[in-house]
Amino acid sequence: MRFQSIWAATAPEVPEFPSLSDSLQTDVLVIGGGFQGLSTALHLAEAGVDVALLEAQEPGFGASGRNGGQVIPGLKDDPDAMDRLWGEAATDFAGSTADVLFDLVERLGLDCEASRSGWIQAGAKQVHLAGLQSRMRQWEARGAPVAWLDPAAMLRETGSDIFAGGWIDRRAGKVHPLKYARALARAAEAAGAKIFAQTPVVGLKRADGKWRATLPSGAVVSAERVVLATNVYTPRGLSRDVKRATVPANSFQIATKPLSRAQLDRILPNGVVVSEARRVGTYFRIGPGNRLMLGGRGQFSDPTHAEDFRRIVAELNAIFGTGFDIEYRWFGRVGMTADHRIRVCEPAPRLMLATGFNGRGVALATALGKAFAAHLALGTDMPVPVSRSVKAMPFHALHPLYGTLAIHYYRMRDHLDR
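Residues numbered from 1 in each chain as written. Predicted model: local features only at pLDDT ≥ 70, side-chain atom pairs only at ≥ 80, totals over all residues. Heavy atoms only, no water.

J.: I would appreciate a short explanation of the packing of aromatic side chains in the present structure.
T.: By convention here, two paired aromatic rings are described through the distance between centres and the angle between planes. For the structure shown, the criterion picks out 8 aromatic pairs. Residues Phe252 and Phe309 carry aromatic rings whose centres are separated by 4.9 Å and whose planes lie at 35 degrees to one another, so their mutual orientation is tilted. Taken as a pair, Phe252 in strand E12 (residues 247-256) and Phe309 in the loop between strand E15 (291-297) and helix H11 (310-320) lie far apart in primary sequence, 57 residues in all. An aromatic cluster of three or more residues is present, and its members are Phe3, Phe252, Phe309 and Phe331. The ring of Phe61 has Arg66 lying over it, and the distance from NZ or CZ to the ring centre is 4.8 Å. The ring of Trp139 has Arg171 lying over it, and the distance from NZ or CZ to the ring centre is 4.3 Å. (Phe/Tyr/Trp six-rings, centres within 6.5 Å; stacked < 30°, edge-to-face > 60°. Helix = DSSP H or I, 4+ residues; strand = E, 2+ residues; numbered from the N terminus. Lys NZ or Arg CZ within 6 Å of the ring centre and 35° of its normal.)

J.: Explain the packing of helix H5 (residues 97-108) against helix H12 (residues 361-378) here, please?
T.: Each pair of packed helices can be described by the angle between their axes along with the distance between the axes. Two elements in contact, H5 and H12, have axes whose closest approach is 8 Å; the angle formed by their N-to-C orientations is 80 degrees. Here H5 is positioned roughly perpendicular relative to H12, judged by the angle of their axes. Of H12, the residues touching H5 (which contributes Thr97, Ala98, Val100, Leu101 and Leu104) are Val362, Ala363, Leu364, Thr366, Ala367 and Lys370. Residue composition of the contact of H5 with H12, by class: 8 nonpolar, 2 polar and 1 charged. (Axes fitted to C-alpha atoms, helices over the stretch in contact; angles between N-to-C directions. Parallel < 35°, antiparallel > 145°, perpendicular 65-115°, else oblique. Contact = heavy atoms within 4.5 Å. Nonpolar A, V, L, I, M, F, W, Y, C, P; charged D, E, K, R; others polar.)

J.: Please explain the side chain of Thr355 as it appears in this structure.
T.: Looking at the secondary structure, you find Thr355 in strand E18 (residues 351-355). Owing to a relative accessible area of 1%, Thr355 belongs among the buried residues under this scheme. One polar contact links Thr355 to Asn231, side chain to side chain, over a distance of 2.6 Å. Setting aside its immediate chain neighbours within four residues, Thr355 contacts Asn231, Val232, Val242, Ala245, Thr246, Ile342 and Arg343. (Buried < 20%, exposed > 50% of the residue type's maximum accessible area, 1.4 Å probe, protein only. Polar contact = N/O pair within 3.5 Å; in protein donor to acceptor, adjacent residues only side chain to side chain.)

J.: Explain the nonpolar core here, please?
T.: In a soluble, globular protein the nonpolar side chains are often hidden away together inside. Counting 66 residues, the largest nonpolar core has Leu110, Tyr180 and Leu368 as its most contacted members. Broken down by element, the residue count for this core peaks at 10 residues, all from H12. Filtering out sequence-adjacent residues up to four positions away, Leu368 remains in contact with Phe93, Ile342, Val344, Ala354, Phe357 and Met382. Listed in part, the 29 residues of the second largest apolar core include Ile168, Leu268, Ile286 and Phe309. (Core = buried A, V, L, I, M, F, W, Y, C linked by side-chain atoms within 4.5 Å.)

J.: Which parts of the structure should I look at to understand the packing of helix H2 (residues 35-46) against H12?
T.: Relative to each other, H2 and H12 sit at 35 degrees, their axes nearing to 7 Å. Between H2 and H12 lies a crossing of right-handed hand. Between H2 and H12, the contacting residues are Phe35, Gln36, Ser39, Thr40, His43 and Leu44 on the first element and Gly361, Val362, Ala365, Thr366, Gly369, Lys370, Phe372, Ala373, Leu376 and Ala377 on the second. A per-class count over the contact of H2 with H12 returns 8 nonpolar, 7 polar and 1 charged. (Left-handed = near helix turned anticlockwise from the far one by under 90°.)

J.: Even after reading the chapter, I still don't get the sheet that holds strand E16 (residues 326-336), so can you show me in this structure?
T.: The strands making up a sheet associate through hydrogen bonds between their backbones, and the pairing can be parallel or antiparallel. Pairing is mixed in the open sheet, where 8 strands are placed in the order E5-E6-E4-E13-E14-E15-E12-E16. A single partner strand is all that each edge strand has here, and the edge strands are strand E5 (146-149) and E16. Pairs of neighbouring strands in the sheet enclose a mean axial angle of 20 degrees, with direction left out of account. The sheet contact formed by E12 and E15 spans 5 bridges and is antiparallel. In the sheet register, Ser251 faces E15, and the bridge partner there is Arg297. Packing of helix H6 (residues 126-141) onto the sheet brings it into contact with strand E4 (119-123), E5 and strand E6 (165-169), and relative to E5 it is tilted by some 160 degrees. On the sheet, helix H7 (residues 151-158) packs against E4, E5, E6 and strand E13 (273-276) and is oriented at approximately 105 degrees with respect to E5. (Pairing = 2+ DSSP bridges.)

J.: Even after reading the chapter, I still don't get H12, so can you show me in this structure?
T.: Since one α-helical turn is 3.6 residues long, residues separated by three or four positions face the same way. Helix length check: H12, at 18 residues, gives a terminal C-alpha distance of 24 Å against a target of 26 Å (1.5 Å per residue), a fit within 8%. Burial in H12 covers these residues: Val362, Ala363, Leu364, Ala365, Thr366, Ala367, Leu368, Gly369, Ala371, Phe372, Ala373 and Leu376. Once H12 finishes, Gly379 follows within two positions and takes phi at roughly 80 degrees, a positive value. (Expected span 1.5 Å × (residues − 1).)

J.: Explain H11 here, please?
T.: Looking at H11, one finds that the buried residues are Ile312, Glu315, Leu316, Ile319 and Phe320. Buried residues of H11 fall within an arc of 105 degrees about the axis and therefore sit on the same side. Exposed residues pointing more than 90 degrees away from the buried face of H11 are listed as Arg310 and Ala318. Residues of H11 that are buried in the fold lie against H7, E12, helix H10 (261-266), E13, strand E14 (282-287) and E15. (Arc of directions from axis to C-beta.)

Following this line, the structure appears as structure tokens:
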């Protein structure tokens, strides 16, 4: 069964970018046409750097064009923990990622249905509230526009009575992620970046002081520097370690048929996006055509029929009630790390990469691409520490087994929480 996302159904036609079959020389080669790679290429081109981007499919093909489109600042660690772990500069960077995205959208006039309507992190159980309040206060102490929501306020904002409380971050918002990716690609090309689609890289080696990326045609792209921006879609032939650095977890999503006016007045009436504080929770929003969208963790194997989405449909029914007709079902991979922290690495001279965005990729990948460009073009420090190696997860080949067991365990703990 073929699944189509709401994003693919409502995005404009795929921009026509050429494929590359001839050899090419450039200063910086970016491999991967998601948010990270496109933002890097755009900002490098704006800085006057000769940059080429190679995408195996089309810009936004992977996670960047399939996610929930939630623009959430910060990382999974609380601000105080980030201060201790990586320093205050990293915390400031994490808190500004949504600013980077929305400023970019406004500056370039990117057509991507951007809305800075806020994000709610919702707690369904009393056990969630203390941690959520602490996180909110830490961001509040740093000047973020945040507020606590009691059960009555949660009901008004979400349209569901299952939540015991939560906090809203008004730095956050939403975009149409596939429109955003394609708009970034067009903007990067307009700035001078050379964007190539349907151009997979089958080999990457360093020789004579330069990087050489081999194409299926046998042609070679040589570059002084490389940014490997492929995350969980990294081909094994490029970097076995990057493939083993994260767990490629499937995120399943559904979108209903357009809601009625009465439903829209009740469900997310102010346009916020929401994600839950449960260990295996959901995230939801109103999407194109006034459809209710909800996503969450799916099985590690790819779905083959509509029944594979039954758990996600059950989550939607538990939060908002029954009676919704599901119009779209789709899935994509999310790069997860055991500690929920991103990996920024320079494992070889003049080769940089980031992997493991842990569900924060829309804002974080955009801001990190800008940081990569500043580092490569101007020599500025990266906002988070850069490792000299890519640490592989132990027993990575068994991740479908231990990942599935972990999900069952965390779901059991979520059920037992009060």
